[in-house]
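One-letter residues, chain by chain:
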Amino acid sequence: MQQPFCSSSGYIKAVSNQSITPFPNITALSISFLFINLRYPLCSLNFGNELKRRINSSSKSHRRLKNVTHNLSFLSLGQSLAGALQYLTFTRPDITYAVQQVCMHMHAPCLDHWHALKRILRYVKGTSSFGITLGPSRVTSLVAYTDADWAGCPDTRRSTSGYCVYLGDNLISWSSKRQATVSRSSAEAEYRGVANVVAEIC
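If you're wondering where the values come from, they're calculated on a predicted model, not measured in any experiment.

K.L.:
Explanation requested: the sheet that holds strand β7 (residues 170-178) in the structure shown.
P.N.:
Strand pairing within a sheet occurs via backbone hydrogen bonds; the two strands may be parallel or antiparallel. Read across the open sheet, the three strands follow the order β5-β6-β7; overall the sheet is antiparallel. For this open sheet the edge positions go to β5 (142-148) and β7, each flanked by a neighbour on one side alone. Sheet twist, expressed as the mean angle between neighbouring strand axes with direction ignored, is 10°. Pairing analysis gives seven bridges linking β5 to strand β6 (residues 160-167), with the strands arranged antiparallel. By the bridge assignment, T146 is partnered in β6 with Y163. Along the sheet, helix α2 (residues 96-103) makes contact with β6 and β7, crossing β7 at roughly 25°. Along the sheet face, helix α4 (residues 186-201) touches β5, β6 and β7 and points at about 150° away from the line of β5.

This is the structure in structure tokens:
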């Protein structure tokens, strides 16, 4: 079996009827499917045994992160890891929400934020083979899905909205972001989420 084109940040693999072709020398006519996977070298991080336990979710859905007064002594490490995970969301939409929640508090992280960050790292380590697969599709229409929570942020009471956009059967765009203003109802939060995804595809 031939090996895909590799780099320090990850790999992009194109499987055609003839051979595996390094990106960006791929022609659209020869592709059967395209698999994109951006990897972060977790093995180079010195966490000891903390990342050995793997988990099946990147965040706890019932728990909200809050701002606190005490900061971490290893502030720069937490900020560096959060920044690296932001790059990983380019090909991992399954961790977009969890990373967004952690990054909101990286100006003054506390121990809870550090635990949330390590939870994401444990999840990523156990799902390192996950990525985005792009394949041929007879459908060429754009389909978008969006959702929003209402007053989900415990500090500002602002809502978080997210969306994903499909071109045919292929996921091409996604986002999870806290809304700029406070919504007075769940319907208003949902409409703001719809406005965000419409601005993305129009």
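K.L.:
Help me understand the packing of aromatic side chains in this model?
P.N.:
In total, this model carries two aromatic pairs according to the counting rule given. Ring geometry for Y87 versus F90: centroids 5.7 Å apart, planes at 80°, classification edge-to-face. Of the residues examined, F90 reaches a relative accessible area of 54% and is grouped as exposed. Residues Y145 and Y166 carry aromatic rings whose centres are separated by 6.0 Å and whose planes lie at 85° to one another, so their mutual orientation is edge-to-face. Placement of Y145 in strand β5 and of Y166 in strand β6 is noted, with a sequence separation of 21 residues between them.

K.L.:
Looking at this structure, I do not really get α2. What am I missing?
P.N.:
For an α-helix, the turn length of 3.6 residues means that residues three or four places apart are oriented alike. Within α2, six of the eight residues are buried, leaving the element largely enclosed by the surrounding structure. What α2 keeps buried is the set T96, A98, V99, Q100, Q101 and V102. Buried residues along α2 sit against α1 (75-88), α3 (111-126), β6 and β7.

About the thresholds
Residues numbered from 1 in each chain as written. Predicted model: local features only at pLDDT ≥ 70, side-chain atom pairs only at ≥ 80, totals over all residues. Heavy atoms only, no water. Pairing = 2+ DSSP bridges. Helix = DSSP H or I, 4+ residues; strand = E, 2+ residues; numbered from the N terminus. Axes fitted to C-alpha atoms, helices over the stretch in contact; angles between N-to-C directions. Contact = heavy atoms within 4.5 Å. Phe/Tyr/Trp six-rings, centres within 6.5 Å; stacked < 30°, edge-to-face > 60°. Buried < 20%, exposed > 50% of the residue type's maximum accessible area, 1.4 Å probe, protein only.

Just distances and angles here, no functional claims.
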